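Coordinate analysis (summary)
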Amino acid sequence: MLMDLRDHARTTGSALKNWFIAQCYDSLAVALMWLVGLWVIHIPWAPLWAVLAGVLQFIPNFGVLLSLIGPALLGAFSSNPVRFFYVLGLFAVIMVMDGLLLQPYLMKRTAKVPFWMALLAPIALGIIIPFWGVLLAPPLLAVIYAFRRKAENTPESGSVG
């Protein structure tokens, strides 16, 4: 009984570690996309806004919106107010690339979650449990697929890993 609990805790901990690594890579990639985009648009303090966007990427739903405020305001009040719309466009491109490509790819690479599941589960859970579903979907998927892999590789299941 105690051995099973330790084994389950180890599997869960390993899965959450892999999810966290994927989240760190995702945050770094988002920060780099912001940095390049803001430099191209000529927004002041681009490195600061990029680092802030990377850190805020860890906060689901609200973090990405908070990362938009500073660059958008600087774009709106710059010598060329059209930069505001460029920042909004950059935000849209980064969020689409991140949500539809980058996050599912990183979950597949680090946590071994199928691409399609990493793409659809946050949407489905977000509909069922609006805030918490989106928040919990990626780490929950990492844990579920870690236990599935473990079950497939046990001698009792008939396949040897």
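Coordinates for the structure precede this section.
How each quantity is defined
- Residues numbered from 1 in each chain as written.
- Predicted model: local features only at pLDDT ≥ 70, side-chain atom pairs only at ≥ 80, totals over all residues.
- Heavy atoms only, no water.
- Salt bridge = Lys/Arg side-chain N within 4 Å of Asp/Glu carboxyl O.
- Helix = DSSP H or I, 4+ residues; strand = E, 2+ residues; numbered from the N terminus.
- Buried < 20%, exposed > 50% of the residue type's maximum accessible area, 1.4 Å probe, protein only.

**So, the pattern of salt bridges**
Scanning all chains against the criterion turns up two salt bridges. Residue Asp 7 is joined to Lys 150 by a salt bridge in which the shortest nitrogen-to-oxygen separation is 2.2 Å. Here Lys 150 lies in helix 6 (residues 130–152) and Asp 7 lies in helix 1 (residues 2–41), a separation of 143 residues in the sequence. In this structure Lys 150 comes out as partly exposed when scored by relative accessible area, which is 24%. Beyond isolated ion pairs, a larger network of salt bridges with shared partners links Asp 7, Arg 10 and Lys 150.

**A word on the environment of Leu 136**
Among the structural elements, Leu 136 can be located in helix 6. You can call Leu 136 partly exposed: its relative accessible area is 45%. Placed eleven residues apart in sequence, Leu 136 and Leu 125 show a C-alpha to C-alpha distance of 8.4 Å.

**Some thoughts on unusual backbone geometry**
For His 42, which is not glycine, the phi dihedral falls at a positive 65°. You can see His 42 is positioned in the loop between helix 1 and helix 2 (46–56). Of the residues examined, His 42 reaches a relative accessible area of 54% and is grouped as exposed. For Lys 112, which is not glycine, the phi torsion reads 60° and is therefore positive.

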